[in-house]
Amino acid sequence: MSQDLEHTSPNHIQTIAEDTSGKNIDVLIENIGKVVKGHREQIIQIITCLIAKGHILLEDNPGSGKTVMAKTLAHSLSGEQAHSDFKRIQFTPDLLPMDLIGSHLYDESNKDFIFKKGPLFCNILLADEINRASPKVQSALLECMAENQISIGDQTYKLEDLFFVIATQNPIEMEGTYPLPNAQLDRFFMKISFGYVSEDIELEIYKKQLEIQRSQDTVEAVLNMKDILALRSKAEEVHVDDEIIKSINNIVRGTREHSGIILGASVRSGIILLKCLRAYAVIHKRNYVIEDDLAALVKPVLQHRLLFKNLSAESSAIDSIVKTEISRLSRLNLKK
């Protein structure tokens, strides 16, 4: 895997393997891995979105570990209480916006209305089967995901500094669902799938089911909120070589020109990709981005933001665009 572009960076750029933050991330990944078996790359992608100040959409079949993943992540982080504040909302067609946001209730003792906060006021929110709720309920998430705040009437309520949404949707049962509009999809930094684990891992899960269940029930908090906020600050300091930035630009613009893509990526898509690349580098104990990071993240960051002409284009268009850019970067390295 090529890392030659690091030599074009400023002299102060070094790996951060000995940095405490790098060790913290390893501890967090291993802690989640005790419960969520065989999905290390997906765990890293979810933590990437967390550090990049984004949100993530998981599209997968029932029983793939989505809910367990969200709970384990929440329990691995400590807040003012024993664990970070985790809430789960099962989205259904009869759900109302106030079921998420909260509502004003009349306080008989004070003869006044008080605001009772809904489940959106938390640190980590699992929005289960988000596409089963009506568009009105889905849109209730828009402001809080984009602005980290909720407006009710003339009042604005700030959400927690660490507010992270893990949303899920089932790809096989589409009857009675409401596909997420592009504006909603765009709020998710990545869309990923867990998929099935390997045969060996699945066999291990069956053999050690009771042990894994106990680990799930006794997950220890290994990082606190300050650690995550510190990682977010560190990600903002990660160096991105000008050629990597040029590749981001070429890829984003390439999606608008590809014959198999009807709707290409926006400028905001490129900015989100840049944020994710910085977070991904921190997770891998570097304070600089390499082309391998680009190859790993372009598809989960951009795929759900595009409209394709057909299934063939959906499966190959992004790969062909990325391959062209990785080749360009490789040629630049050979000339050095």
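All of these numbers come straight from a predicted model, not from anything done at the bench. Residue indices follow the written sequence of each chain, beginning from 1 at its first position. Where totals are concerned, whole chains, interfaces and linings use all residues; where local detail is concerned, this predicted model gives features only for residues with pLDDT of at least 70, and gives and counts side-chain atom pairs only at 80 or more. Neither water nor hydrogens contribute to the side-chain values; these are computed over all heavy atoms in the structure.

Caption draft 1: Expanded view of the packing of aromatic side chains. Here is the rule: rings of Phe, Tyr and Trp (six-membered ring for Trp) pair when centre to centre is within 6.5 Å. Planes less than 30 degrees apart are stacked, more than 60 are edge-to-face, and the remainder are tilted. If you walk through the whole model with that rule in mind, you get three aromatic pairs. A ring pair is formed by phenylalanine 115 and phenylalanine 121, whose centres lie 6.0 Å apart and whose planes are at 70 degrees; its orientation type is edge-to-face. Like phenylalanine 121, phenylalanine 115 is buried. Pairing phenylalanine 115 with tyrosine 157 gives two aromatic rings, centres 4.5 Å apart and planes at 20 degrees, and the pair type is stacked. The classification of residues rests on relative accessible area computed with a 1.4 Å probe and restricted to protein chains. Under 20% of the type maximum is buried, over 50% is exposed, and intermediate values are partly exposed.

Caption draft 2: View of the side chain of glutamine 42. Relative to the helices and strands, glutamine 42 is located in helix H2 (residues 40-51). The buried category is assigned to glutamine 42, whose relative accessible area is 14%. Leaving out residues up to four positions away in the same chain, glutamine 42 has contacts with Ile192, Ser193 and Phe194. In this text, helices come from DSSP runs of H or I with a minimum length of four residues, and strands from runs of E with a minimum of two, each type numbered from the N-terminal end. In what follows, residue pairs with any heavy atoms lying within 4.5 Å of each other are defined as contacts.

Caption draft 3: Structural detail: the pattern of salt bridges. Salt bridges are identified by distance alone: a Lys or Arg side-chain nitrogen within 4 Å of an Asp or Glu carboxyl oxygen. Under the counting rule described, the total for this entry stands at 14 salt bridges. Three or more residues are tied together by salt bridges with common partners; here these are Asp186, Arg268 and Arg305.

Caption draft 4: Quick look at the confidence of the model for the chain. Here the chain averages 85 in pLDDT, while 90% of its residues score no lower than 70. pLDDT is a residue-level measure of predictor confidence that goes from 0 to 100. Mean pLDDT values for the elements of the chain range from 78 in helix H6 (residues 182-185) up to 96 in helix H11 (residues 267-283). Long-range and interchain partners of residues 6-14, a stretch whose pLDDT sits below 50, account for twelve contacts in this model, where long-range means more than four residues apart.

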